[in-house]
Amino acid sequence: MNPNPDDLLVLLAVSRSGKFTTAAQALGLNHTTVSRRIAALEKALGGQVLARAAGGWEVTELGAEAVGVAERIEAAVGTLGPEDRAPDPIAGVVRMTATDGFSAYIAAPAVARLRRLHPGLTVEIITVTRRALQQRSGLDVEVVVGEPQVHRAEALLLGEYMLGMYASREYLAFHGVPGTVEELTQHQLVYFVDSMLQVDDLDAPRRLVPSMRDGLSSTNVFVHVEATRAGAGIGFLPCFMADRHPDLVRLLPSDFAELLPYWMVLRPDSMRRPAVAAVVQALREETAAHRELNPARTGS
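Conventions used here
Residues numbered from 1 in each chain as written. Predicted model: local features only at pLDDT ≥ 70, side-chain atom pairs only at ≥ 80, totals over all residues. Heavy atoms only, no water. Helix = DSSP H or I, 4+ residues; strand = E, 2+ residues; numbered from the N terminus. Buried < 20%, exposed > 50% of the residue type's maximum accessible area, 1.4 Å probe, protein only. Contact = heavy atoms within 4.5 Å. Core = buried A, V, L, I, M, F, W, Y, C linked by side-chain atoms within 4.5 Å. Salt bridge = Lys/Arg side-chain N within 4 Å of Asp/Glu carboxyl O. 1 Å grid on protein atoms, 1.4 Å probe; cavity = no way out; pocket = protein on both sides within 12 Å on 5 of 7 lines; lining within 4 Å. Points joined across faces, edges and corners; volume = space filled by probe spheres on them. Pairing = 2+ DSSP bridges.

Asks: Help me out: how do you make sense of the environment of serine 270 in this one?
Replies: Mapped onto the secondary structure, serine 270 falls in the loop between β11 (258-266) and α11 (274-289). Taking the relative accessible area as the measure of exposure, serine 270 reaches 1% and is therefore buried. Spatially, the C-alpha atom of serine 270 lies 15 Å from that of threonine 122, the residues being 148 residues apart in sequence. Those residues in contact with serine 270 that sit more than four places away from it in its chain are Leu139, Asp140 and Val276.

If you want it as structure tokens, here you go:
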């Protein structure tokens with residue numbers, strides 16, 4: 001029995017969001033109808049097209065084949081319309097995760113420029129600092145710190161950024177300027193919550209100055225920057241963020257110059273979508289345009 005094209009398009013929506021409820025909202029259906037359509041498609045194809053994953057649904061091998069057919073149906077339908085105006089293939093929703101700093105200073109301007117050319121594009125950015133997921137249901141793009149160890153995914157090196165020790169001018173005027181690593185231990189650290197840090201590559205201050213006590217900790221790097229500016233302690237901050245503030249002074253740069261990579265992780269099927277491919281290219285160009293970041297080396 002041949003599958004119903006409508007059922008294939010329902011599968012396509014579920015594959016992009018990873019959730020029946022989100023797909024139902026996008027299609028103007030209810031959750032029960034989406035579930036029934038998927039069941040009908042699996043009966044027609046003689047196998048499962050979706051499998052349970054952490055946080056949603058992932059397509060199976062059979063499902064990936066069906067999604068490919070659904071994408072061609074979607075593209076063909078998109079060609080219908082006024083003859084003098086071809087539809088824009090860079091449209092729809094692209095979902096990504098990235099760290100706070102990357103999201104604000106790289107992703108946001110990259111997406112803004114892209115949307116000026118393609119107003120039908122919507123990009124959802126979830127800010128999080130964690131390792132790359134093994135199951136990325138409903139996500140098209142992940143940007144992580146440190147080289148990811150992933151399966152069934154493509155990983156691309158975007159570039160590198162540096163972290164250093166910073167303090168506010170007012171703080172240094174009151175507490176004195178540490179001239180050595182040993183003197184730094186007399187001050188308190190502003191950084192990530194140690195027990196909640198999921199990225200091993202971000203452990204530098206605890207590794208380099210293990211006797212430095214935590215003063216203020218947060219899961220958000222913007223809190224690190226503003227707390228350091230407010231005099232809560234000495235912050236271990238991304239240089240491309242801290243150097244924007246003239247009231248911050250970098251300390252002991254020869255001792256603290258931690259270089260970390262940004263990597264982008266993509267589902268194998270994601271780049272088949274023109275919208276995802278366009279977002280990926282925009283992120284790569286925006287990263288390369290920032291002179292304070294080291295662009296990815298050719299061949300990496």
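Asks: I tried to follow the nonpolar core on my own but got confused; where do I start?
Replies: When a protein is soluble and globular, its nonpolar side chains tend to lie buried together. Of all hydrophobic cores here, the largest spans 58 residues; its most connected members are Phe102, Val141, Tyr161, Met165 and Leu283. Beyond its immediate stretch of four places on either side in the chain, leucine 283 contacts Met96, Phe102, Ile106, Ala107, Ala110, Val141, Leu158 and Met264. Leu11, Val49, Leu50 and Ala70 belong to the second largest nonpolar core, which has 18 residues in total.

Asks: Explain the pattern of salt bridges here, please?
Replies: One pass over the full model with this rule turns up 12 salt bridges. Among the salt bridges present, the one from aspartate 200 reaches arginine 131, with a minimum N-O distance of 3.6 Å. Of this pair, aspartate 200 sits in the loop between β7 (189-191) and α8 (204-208) while arginine 131 sits in the loop between β4 (121-127) and β5 (141-145); the two residues are 69 residues apart in sequence, bridging distant segments of the chain. The class of aspartate 200 is exposed, set by a relative accessible area of 55%.

Asks: Looking at this structure, I do not really get empty space enclosed by the protein. What am I missing?
Replies: Space left empty within the atom packing is revealed by a probe, the size of a water molecule, rolled over the atoms. Scanning the entire structure with this criterion turns up three cavities of 30 Å³ or more. Among the elements of the structure, α5 (100-117), β6 (154-168), α9 (221-229), β9 (234-238) and α10 (239-242) are those that each provide at least two residues to the lining of the largest cavity.

Asks: Explanation requested: the pairing of strand β1 (residues 50-53) in the structure shown.
Replies: Regular strands place their side chains on alternate faces of the sheet. Bridge count for β1 against strand β2 (residues 56-59) is four bridges, and the pairing is antiparallel. Paired with alanine 53 across the bridge in β2 is glycine 56. Linking two consecutive strands that pair antiparallel, namely β1 and β2, is a turn of two residues; a positive phi of about 85° is found at glycine 55 within it.

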